[in-house]
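# Chain and residue survey
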Amino acid sequence: MPCPRCGSKTVWPPPSHQVESDGIWVGQYGGQRLARRPVWFAEARQRLDWILLRQPDGVLVEVGAGTGEFAKVALDAGFDTYAVEPSLWAAHQAQGLGVRVHAGTLEEWAHTHAGLHADVVAMWHVLEHTPDPHGLMGAVAAVTRPGGLVVLEVPNGASSECERLGVQWDGTQPDDHVILFSPEGLRLLTESVGLEVVELMEIPDRLYSGGDSWRRRRNSALVEGYAWPPKDLLRMVARRPVHQA
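What comes next is a walk through the structure. (Residues numbered from 1 in each chain as written. Predicted model: local features only at pLDDT ≥ 70, side-chain atom pairs only at ≥ 80, totals over all residues. Heavy atoms only, no water.)

## Description of the packing of helix H7 (residues 133-143) against helix H9 (residues 183-192)
To characterise two packed helices, one gives the angle between the axes of the helices and the distance between these axes. At a minimum axis separation of 9 Å, H7 and H9 run at an interaxial angle of 50°. For the element pair H7 / H9, the angle class is oblique. When you trace H7 past H9, the crossing you get is right-handed. For the pair H7 and H9, contact is made by Pro133, His134 and Met137 and by Leu189, Thr190 and Ser192, respectively. When its residues are assigned to classes, the contact of H7 with H9 shows three nonpolar, three polar and no charged. (Axes fitted to C-alpha atoms, helices over the stretch in contact; angles between N-to-C directions. Helix = DSSP H or I, 4+ residues; strand = E, 2+ residues; numbered from the N terminus. Parallel < 35°, antiparallel > 145°, perpendicular 65-115°, else oblique. Left-handed = near helix turned anticlockwise from the far one by under 90°. Contact = heavy atoms within 4.5 Å. Nonpolar A, V, L, I, M, F, W, Y, C, P; charged D, E, K, R; others polar.)

## So, the environment of Ser159
Assignment of secondary structure puts Ser159 in the loop between strand E6 (144-155) and helix H8 (160-165). A relative accessible area of 2% means that Ser159 is categorised as buried. With 96 residues separating them in the primary sequence, Ser159 and Val63 have C-alpha atoms 25 Å apart. Sequence-distant contacts of Ser159, defined by excluding residues within four places in its chain, comprise Trp169, Lys231 and Asp232. A distance of 3.1 Å separates the side chain of Ser159 from the side chain of Asp232, its partner in a polar contact. (Buried < 20%, exposed > 50% of the residue type's maximum accessible area, 1.4 Å probe, protein only. Polar contact = N/O pair within 3.5 Å; in protein donor to acceptor, adjacent residues only side chain to side chain.)

Below, the structure written as structure tokens:
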């Protein structure tokens, strides 16, 4: 169901897995998550390289850290890294990497780290899972220092593949996703909690696709005559204004 104002789409019926529990990890990923850890580490290094273009060090908080690969890469790169993950199972896996993990909510982490503010808050494919994105983004803004950055990635609900395939699109994931954000929807949400959007990009998922897989998809698009390349991801950098105390 698209929002008439911004074009973001609400997935209906609501997802069967709860992002606050182990359901998404055990039910959807299970043991496959750990078996593919080299893939997640490679993705984490790409994501960190993007952050390093703007912020070379400091306190980094990853919200929805999963099994900890990105937090581990950020820690090894010299960031003072904290991970927040509601799934006890996933948090345990992250702790096994030597990552400092709070198994719970961001609000709980903020309460136990009163006075500590992040130079960077990172969220990778988290916002689309939550039934209260405004509340989560508000909590993110609150733990970001004035001048600090919020960086995130979500599926692009306005992509040509989302329009073409609907619930069959890989990014829809109706068992787990609540909202598929459009660029305008993500911008409006971000600005509503007092953050300034610095960069908002619609990008292909080529960063996460192997060469053979990408080539097959490209050739199918050329033969069948649909738009290529699809811009299936949204990446955003936002900043908490310096004047905010």
